[in-house]
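Reading the structure
What follows is each chain in one-letter form.
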Amino acid sequence: MEPESGLPSNPSQLSWVNLSRNLILAYQSFGVVYGDLSTSPLYVFSSTFTGKLRKHEDEEVIFGAFSLIFWTLTLLPLIKYVFILLSADDNGEGGTFALYSLLCRHAKLSLLPNQQAADEELSTYKYGPSSLSTSSSVLKRFLEKHKRLRTALLVVVLFGACMVIGDGVLTPAISVLSSVSGLEVTAAKLTKGELVLLACVILVGLFALQHVGTHRVAFLFAPIVIIWLFSIFSIGLYNIIHWNPRVVRAISPSYIIKFFSQTGKDGWISLGGILLSITGTEAMFADLGHFTALSIRLAFAFVIYPCLVVQYMGQAAFLSKNPLSIRNSFYDSIPDPVFWPVFVIATLAAIVGSQAVITATFSIVKQCHALGCFPRVKVVHTSKHIYGQIYIPEINWILMILTLSITLGFQDTTLIGNAYGLACMTVMFVTTFLMSLVIIFVWQKSIFLAASFLLFFWFIEGLYLSAALMKVPQGGWAPLVLSAIFMLIMFIWHYGTRKKYNFDLHNKVSLKWLLGLGPSLGIVRVPGIGLIYSELATGVPAIFSHFVTNLPAFHKVLVFVCVKSVPVPYVSPEERFLIGRVCPRPYRMYRCIVRYGYKDIQRDDGDFENLLIQSIAEFIQMEAVEPQFSSSETPSLDGRMAVMSTRSVQSSMSLIVTEQDNISIDSIQSSKSITLQSLRSAYEDDNPQIRRRQVRFQLPPSPGMDPAVKDELLDLVQAKDAGVAYIMGHSYVKARRNSSYLKKLAIDMGYSFLRKNCRGPSVALNIPHISLIEVGMIYYV
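Residues numbered from 1 in each chain as written. Predicted model: local features only at pLDDT ≥ 70, side-chain atom pairs only at ≥ 80, totals over all residues. Heavy atoms only, no water.

Read across the sheet, seven strands follow the order S7-S5-S6-S4-S3-S10-S11 without closing on themselves; strand pairing throughout is mixed. The open sheet has two free edges, formed respectively by strand S7 (642-644) and strand S11 (772-780), since each of these has just one partner strand. Direction aside, neighbouring strands of the sheet carry axes that sit 30° apart on average. Judged from the nine bridges that link them, strand S10 (residues 724-734) and S11 form a sheet pairing that is parallel. Counted as the bridge partner of Lys734 is Tyr780 from S11. Taken strand by strand, helix H23 (residues 608-625) contacts strand S3 (524-533), strand S4 (553-565), strand S5 (577-581), strand S6 (589-596), S7 and S10, and its axis lies near 50° from that of S5. (Pairing = 2+ DSSP bridges. Helix = DSSP H or I, 4+ residues; strand = E, 2+ residues; numbered from the N terminus. Axes fitted to C-alpha atoms, helices over the stretch in contact; angles between N-to-C directions. Contact = heavy atoms within 4.5 Å.)

This is the structure in structure tokens:
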């Protein structure tokens, strides 16, 4: 850790500061990361001992089941995730998309269409050494050569993402239903129907509060989980001492051999219940961005792991003497005096666990959208202090409907557990595969080491996955159906988006045609700035010729804006804008590429227009000093791009910036009509929350400035004062007449339906509606 200003220079003091920071983060991680994993004892034993395994409810088998749980917790969460996977972060970010992003940067595996060489110069792009061994480079070339393999890799990643979304549906259902099931063993003796109804009420409340953001109640989350962990540890220790201290011997793997020799096929099928002990493990890696690897390791190794082991050991000790209590093993094992406090804290811990998974689902959906694989949705940033905490209204209500459907449909934690186990193990299976590729391409290790990692963990996970697949008829079908639906949505959206992009790519406007029109483009150039949005990072989109031939006048300054995602988690504000020129200087046409990482959130802070003007002004001045950026020197007439820092509007060296809270009617340029003035003022009065800062630009007094540069900067400032218009194509995508029936079905029905029912691009890009111009255009793809 770099010494920060104000921190002690003494290395021992510095290490203490570092440790104390990690301890604070470890404390905070309990509420965010471990809610799901720590509530597993509610339902593991009851889900394991179902079906034919009930015939084997003796001490040896119960001890064998505990031994399986112990070694599963040790091999997968502790060794695979804590010791290995947490080291494979992408600039501090974890999860399936972090691994895929790392792979895309070390081998040309990305399917994002508008990537440029300039993206590789981002500070967050570089990672580790760049030299590969011979065998690794052969594998790399093989993957890069075959597009189908790259597509297959993306499908695997998206399938893992769909299973995480499935977790977001199943976790709240099983956690809340398991926690309220404690009321079955009380004097109240609630019926199953009443329990399900109570669980549904809690779930509706949980989803209804999502828009508030977890930060408002996050300070309660960590203490709830810590009290819960202390409770299960104490109850486990009590049960070990009180019921059967000999259970400590079951840590020996020999009990696993005895378990399978006694139970045979029934024992193998019961692994579908055992694997529920590690559900929520993926959150340790997926939520890494909010914490540090060390803080998560400390929390798991010193608190979570011992508490869970002692709790499972205590339940096994209790069940060895009370085998009839298996159906409600957790609540039956609680001593009567502390039943109600533990019940309350169990319900709260279940809600916390569900909350963390729902938030993770929002992040996954946003990352899928960044890959061009999910329809546009509204992303709300819920916390000013905790970056990355988001809320997606559409996904929240879809999750709520699906979760209530699962709860009301199954009404049984065992059936939901079958579905839940399959979803979790599939995500782990995908993560292991991606990690083995990261070992080769990112860590530059031998293929033999990667293969050893893959085979060892795939063998263990394969056993659990095969047992979970056996339970597909008993509820295991649910995540498969959910994943199939979400995969279909993602595939259709990705397919339609790529087809639309390829149409734009192959129908770009000829720059020779533009040059032939002259600087006036053959039409009247009126005061103002026109921001023309397109997905193209190079060239002029076909929609521009559509504008030129249909509109009698166009703005004096034109900027082609491309907002795109790059395979890094974050792009710093200093590197966000790439500015270039289209056509020679008299045309006053520029290009701006706005880059976002897959974890970045496009916030509407009202500064976009001002930062853009500042960046273009700096580019104009830099171009005068460094003529290699001038397009007139290059035969393509589509000039080189330069990164323009956008730290602050006030930091501009090219223009003098003044801020005004209120701007009078007199100061508005006369080119704006009275009607437009009244419309804008009425719009801003009705929507005060989106009223933007009034920023005025002026040329600095610089007698030595090149007259051509001064004229161009003056035109830019005057155009900004005259007003900014956002110009977009309202495109209709249709399949060609000679297309196959399947393609027509995907484009004309699937893609069209998704486009009509998702957020419009102007909403997703935070474009003010009052300044928006849309022109319809049909794409035949």
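On we go.
Compared with an ideal rise of 1.5 Å per residue, which puts 16 residues at 22 Å, helix H25 (residues 707-722) spans 22 Å between its outermost C-alpha atoms and is within 8% of the ideal. What H25 keeps buried is the set Val709, Glu712, Leu713, Asp715, Leu716, Val717, Ala719, Lys720, Asp721 and Ala722. Trailing H25 by a residue or two, Gly723 shows a phi angle of about 125°, which is positive. (Expected span 1.5 Å × (residues − 1). Buried < 20%, exposed > 50% of the residue type's maximum accessible area, 1.4 Å probe, protein only.)

Turning our eyes to something else, we now look at the pattern of salt bridges. Side-chain pairs of opposite charge can arise whenever the charged atoms involved come near each other. If you walk through the whole model with that rule in mind, you get 16 salt bridges. Notably, a salt bridge pairs Arg576 with Asp600, separated by 3.7 Å at the nearest N-O pair. Here the residue Arg576 occupies a position in the loop between S4 and S5, and Asp600 occupies one in the loop between S6 and H23, the gap between them amounting to 24 residues. The residues Arg576 and Asp600 share a single accessibility class, namely buried. Connected through salt bridges with shared partners, the residues Arg581, Arg585, Glu623 and Glu712 form a single ionic network. (Salt bridge = Lys/Arg side-chain N within 4 Å of Asp/Glu carboxyl O.)

Turning our attention to the environment of Asp336. Inspection of the secondary structure assignment puts Asp336 in the loop between helix H15 (329-332) and helix H16 (339-370). When the C-alpha atoms of Asp336 and Thr186 are compared, they prove to be 9.8 Å apart, with 150 residues separating the residues in sequence.

Scanning the entire structure with this criterion turns up 30 aromatic pairs. With 5.2 Å between their ring centres and 80° between their planes, Phe259 and Phe260 make a pair best called edge-to-face. Owing to a relative accessible area of 0%, Phe259 belongs among the buried residues under this scheme. Here the aromatic rings of Phe339 and Trp340 are separated by 5.3 Å at their centres, their planes lie at 90°, and the arrangement is edge-to-face. Overall, the relative accessible area of 8% leaves Phe339 in the buried class. A relative accessible area of 46% means that Trp340 is categorised as partly exposed. Here the aromatic residues Phe30, Tyr34, Phe66, Phe70, Trp71, Phe300 and Tyr305 are joined through ring pairs into a cluster of three or more. (Phe/Tyr/Trp six-rings, centres within 6.5 Å; stacked < 30°, edge-to-face > 60°.)

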